[in-house]
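Structural overview
Below, each chain spelled out in residue letters.
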Amino acid sequence: MSLWGICALALLSQTPAAPPVRENGWSALTPEQRAALIADQAESPLSERLLGMSEKFLNTPYVLSPLGEGQGVDPDPTFRLDAVDCLTFVEETLALGMAHGEPEVPALLERIRYASTPTYEDRNHLMEAQWLPNNIKKGLLVDVTRKYAKADTVTVTKTLTAHTWQSRSSMALQLPRERQPVGTFTLDMIPLEKVLEHARGVASGTILVVMREDLPLKATRITHLGFVVQKKKRTYLRHASRGGYNRVVDEDLETFLARNARYDKWRVTGVSLFEARRPPPALVSQPAAAPGSAAVGTP
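Residues numbered from 1 in each chain as written. Predicted model: local features only at pLDDT ≥ 70, side-chain atom pairs only at ≥ 80, totals over all residues. Heavy atoms only, no water.

**Here we look at the packing of helix H3 (residues 46-56) against helix H4 (residues 86-98)**
Between H3 and H4, the least distance of the axes is 8 Å, while the angle of their chain directions is 125°. Relative to H4, the element H3 is oriented oblique. Between H3 and H4 lies a crossing whose hand is right-handed. Across the interface between the two elements, Leu46, Arg49, Leu50, Met53 and Ser54 of H3 pack against Phe89, Thr93, Leu94, Leu96, Gly97 and Met98 of H4. Within the contact of H3 with H4, the residues separate by chemical class into seven nonpolar, three polar and one charged. (Axes fitted to C-alpha atoms, helices over the stretch in contact; angles between N-to-C directions. Helix = DSSP H or I, 4+ residues; strand = E, 2+ residues; numbered from the N terminus. Parallel < 35°, antiparallel > 145°, perpendicular 65-115°, else oblique. Left-handed = near helix turned anticlockwise from the far one by under 90°. Contact = heavy atoms within 4.5 Å. Nonpolar A, V, L, I, M, F, W, Y, C, P; charged D, E, K, R; others polar.)

Pasting the structure below:
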């Protein structure tokens with residue numbers, strides 16, 4: 001099972017009941033209006049762009065794994081604005097926010113979702129082993145966990161072995177053996193009990209990922225992600241929430257963390273923070289490059 005599946009199972013089953021879902025901010029736009037919105041103020045700070053694009057997704061229904069390759073193993077569409085899960089919400093927001101115009105969006109989304117080529121086998125299925133390191137190498141993300149938490153930061157790892165790939169959830173990914181990542185992957189983390197001490201200092205638009213304890217038969221320990229939003233002297237998590245919400249919401253971060261702290265079957269241990277970077281021009285205009293070949297982007 002990929003992060004798409006884990007998002008569905010992991011974090012938000014205890015969310016309180018919510019009112020009926022309203023239309024999101026994209027649904028009322030004509031194609032011309034949408035193109036104009038994406039092109040408008042394209043050189044604004046990326047954090048502002050991400051806040052604006054992600055806000056348009058508020059109330060978008062949660063649908064598990066709504067994107068695919070349009071064919072093959074996962075024939076779901078390669079892009080849509082009417083349904084998201086926790087990961088595709090972040091991916092599409094990044095592509096829309098980084099783009100100077102609508103024609104750039106598909107190429108950017110492809111670079112974010114895939115290591116090199118837009119095939120199911122080359123998709124960034126696993127957060128620690130693929131999605132995060134590949135996008136960091138491409139210059140699209142920077143780990144800022146230690147920048148905000150300083151001495152409260154701890155180093156954690158996720159180890160993938162041949163034994164990991166024998167579990168039911170790992171085999172559900174349907175990856176051939178030669179495409180199954182193995183090794184130990186390292187991340188900085190803010191322990192769950194320390195997150196609120198640093199939350200108000202985290203810039204809006206920062207990506208927050210939720211981490212659980214390392215279980216050998218789980219191919220990832222990251223089960224959820226969204227954007228930090230600071231407003232009205234409170235910190236919120238803007239995320240695609242499964243459960244009672246079943247849509248994209250701004251949820252008070254304190255409430256979100258308190259609920260996560262109660263999970264005991266697969267314990268939540270903390271969060272990591274990542275800042276998006278504008279892509280180097282070559283990453284948009286040229287065919288997708290192998291991970292690690294792109295220059296570092298700019299804020």
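**Focus: the confidence of the model for the protein chain**
Low-confidence regions, as indicated by low pLDDT, have predicted coordinates that should not be scrutinised in detail. Looking at the protein chain, pLDDT values average 89 and 88% of them are 70 or higher. Contacts of residues 6-19 to residues separated by more than four positions or lying in other chains number 54 contacts, the stretch itself having pLDDT below 50. The low-confidence segment residues 287-299 (pLDDT under 50) makes 30 contacts with residues lying over four places distant or belonging to another chain. (pLDDT = per-residue confidence, 0-100.)

**Some points on the pairing of strand E7 (residues 247-252)**
Counting buried positions along E7 gives five out of six residues, so the element sits mostly inside the fold. Sheet analysis places strand E6 (residues 234-241) next to E7, joined by six bridges and oriented antiparallel. Note that in E7 the partner of Ser241 across the bridge is Arg247. A loop of five residues connects E6 with E7, the two strands running antiparallel in sequence, and Gly243 in this loop sits at a positive phi of about 115°. (Buried < 20%, exposed > 50% of the residue type's maximum accessible area, 1.4 Å probe, protein only. Pairing = 2+ DSSP bridges.)

**Some points on the packing of aromatic side chains**
On inspection of all chains with the given rule, the structure shows three aromatic pairs. Ring centres of Trp26 and Phe57 lie 5.8 Å apart, and the angle between their planes is 65°; this geometry places the pair in the edge-to-face category. In this pair, Trp26 sits in the loop between helix H1 (3-9) and helix H2 (31-39) while Phe57 sits in the loop between H3 and H4, placing the two residues 31 residues apart along the sequence. By the burial criterion, Trp26 is buried, and Phe57 matches it. (Phe/Tyr/Trp six-rings, centres within 6.5 Å; stacked < 30°, edge-to-face > 60°.)

**Concerning the pattern of salt bridges**
On inspection of all chains with the given rule, the structure shows 17 salt bridges. The partner of Glu254 in a salt bridge is Arg234, with the nearest N and O atoms 3.1 Å apart. Highlighted residues: Glu254 in helix H10 (residues 253-261) and Arg234 in strand E6, separated in sequence by 20 residues. Taking the shortest distance from any N to any O, the salt bridge between Arg277 and Glu275 comes out at 2.2 Å. You can call Arg277 buried: its relative accessible area is 14%. Classification of Glu275 as buried rests on a relative accessible area of 18%. (Salt bridge = Lys/Arg side-chain N within 4 Å of Asp/Glu carboxyl O.)

**Focus: the nonpolar core**
Side chains of a nonpolar character, in soluble globular proteins, are inclined to be buried together. Core analysis: the biggest nonpolar cluster contains 43 residues, and Leu94, Trp131, Ile207 and Leu225 have the highest contact counts within it. No other element matches H4, which puts eight residues into this core. If we ignore the near neighbours within four places in the chain, the residues touching Leu94 are Leu50, Ile112, Trp131, Ile207, Phe227 and Ala276. With 19 residues, the next largest nonpolar core counts Leu192, Val228, Phe256 and Val271 among its residues. (Core = buried A, V, L, I, M, F, W, Y, C linked by side-chain atoms within 4.5 Å.)

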